[in-house]
Amino acid sequence: MTSISYAYRIGHNTVSKIISETCEAIWNALKETYFIDDSPESWQEIADKFQQLWNYPNCIGCIDGKHVTLQAPANSGSTHFNYKGHHSINLLAVSDAKYRFTMVDIGAEGRHSDGGVFKNSEMGKCFEE
């Protein structure tokens, strides 16, 4: 954000607000088109695609996590320090049979494993229920 603020000669707080507003506008415009509605029919359609394309019966998604490297936040200690030896946040995502994201959890501290992120995420709690 700092480099963008220098490039366009505006304050970094302004850049932050512009990015936030832009992301919200993109979400509002595209969420109905590109994200599934949480209904039994939608989940059954995903399971059917996994069966048809990959011969995986009763599968509703593939899940994986990704460490996104970042500079350690101030006063964070080792909370973002991961097993790979750098600071990061976790991106945990579920995709359908055509590699499209159906659920995401972004922002868990890097020290957590994929299983720990899943267990503490809203998506993990929903699966548990």
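Everything numeric here is computed off the predicted structure, so don't read it as measured data. One numbering rule holds for all chains: residues counted from 1, following each sequence as written. Confidence filtering applies because this is a predicted model: local features only for residues at pLDDT of at least 70, side-chain atom pairs given and counted only at 80 or more, and all residues used for totals across whole chains, interfaces and linings. No hydrogens and no water enter the side-chain calculation; it runs on all heavy atoms of the structure.

## Thoughts on the overall build of the protein chain
The test is simple: Helical segments are the DSSP runs of H or I of at least four residues, strand segments are the runs of E of at least two, and each set is numbered from the N terminus. Computation of the radius of gyration draws on C-alpha atoms, with the globule rule given as 2.2 Å multiplied by the number of residues to the power 0.38. A simple rule labels every residue: compare its accessible area, found with a 1.4 Å probe on the protein chains alone, to the largest value its type can have, and call it buried under 20%, exposed over 50%, or partly exposed in between.
Along the protein chain, the regular secondary structure elements total 5 helices and 3 strands. Going from the N terminus to the C terminus, the protein chain shows its helices and strands as α-α-α-β-β-β-α-α. Computed over the C-alpha atoms, the radius of gyration of the protein chain is 18 Å, more than 25% above the 14 Å expected from 2.2 N^0.38 for a compact globule of 129 residues. Here the protein chain, with 129 residues, has 23% of them falling under the buried criterion.

## Side note on the nonpolar core
Short version of the rule: Here, the term nonpolar core denotes a set of buried Ala, Val, Leu, Ile, Met, Phe, Trp, Tyr and Cys residues that are joined through side-chain atoms within 4.5 Å.
One finds Trp43, Ile46, Phe50, Cys59, Val94, Ala97, Met103 and Met123 forming the largest nonpolar core, which totals 8 residues. If you tally residues by element for this core, the top one is helix α3 (residues 40–54), at 3 residues.

## Focus on the environment of Pro40
Secondary-structure assignment places Pro40 in helix α3. For Pro40 and Lys98, which are 58 residues apart along the polypeptide, the C-alpha to C-alpha distance reads 19 Å.

## Here we look at helix α2 (residues 12–34)
Heads up, the condition is: What a helix should span is 1.5 Å times the count of its residues minus one. Here the bend at each residue means the angle between axes fitted to two seven-residue stretches, the one ending at that residue and the one beginning there.
Look at α2: 31 Å from first C-alpha to last across 23 residues, which is about the 33 Å you get at 1.5 Å a residue. The sharpest bend along α2 comes to roughly 35 degrees, located at Asn28.

## Some points on the layout of surface pockets
The criterion, for reference: The definitions used throughout rest on a 1 Å grid laid over the protein atoms alone, on which a cavity is an enclosed set of points accommodating a 1.4 Å probe that cannot get out and a pocket is an open set flanked by protein within 12 Å on both sides along at least five of seven lines; lining residues are those having an atom within 4 Å of a point. Grid points are joined across faces, edges and corners, and a volume is the space filled by probe spheres set on the points. Residues are grouped as follows: Ala, Val, Leu, Ile, Met, Phe, Trp, Tyr, Cys and Pro are nonpolar; Asp, Glu, Lys and Arg are charged; every other residue, Gly included, is polar.
Of the pockets and cavities examined, the largest pocket occupies roughly 320 Å³. What lines the largest pocket is a set of 15 residues, and nearest its centre among them are Ile36, Glu45, Ile46, Asp96 and Arg100. Of all the secondary structure elements, the ones that give two or more residues to the lining of the largest pocket are α2, α3 and β3 (101–109). The element contributing the most residues to the lining of the largest pocket is α3, with 4 residues. Looking at the lining of the largest pocket residue by residue, the class counts come to 6 nonpolar, 3 polar and 6 charged. Taken as a whole, the second largest pocket spans an internal volume of roughly 240 Å³. Trp27, Phe35, Ile36, Asp38, Trp43, Thr102, Met103, Met123, Cys126 and Phe127 together form the lining of the second largest pocket. Of all the secondary-structure elements, those providing two or more residues to the lining of the second largest pocket are β3 and α5 (122–128). With 3 residues, α5 is the single largest residue contributor to the lining of the second largest pocket.

## Remarks on the UniProt feature "domain: DDE Tnp4" (unreviewed entry) in the protein chain
So the rule is basically this: UniProt positions are given in the numbering used here, feature names are shortened, and annotations may be inferred rather than shown by experiment.
UniProt's entry tags residues 63–126 with the feature "domain: DDE Tnp4" (unreviewed entry), counted in the numbering of this structure. Spanning residues 63–126, this segment combines 19% helix with 38% strand, and its end C-alpha atoms are found 15 Å apart.

## Quick notes on the domain arrangement of the protein chain
The cut-off we apply is this: What fixes the domain bounds is an automatic or database domain assignment.
Domain boundaries assigned for the protein chain yield domain 1 (1–34) and domain 2 (36–128). Between the C-alpha centres of domain 1 and domain 2 there is a distance of 24 Å.

## Observations regarding unusual backbone geometry
Phi is mostly negative for residues that are not glycine, and the peptide bonds are mostly trans. Even without glycine at this site, Arg9 takes up a positive phi of about 55 degrees. Take Arg9: it is sitting in the loop between α1 (2–8) and α2. Even without being a glycine, Tyr99 presents a positive backbone phi close to 65 degrees.

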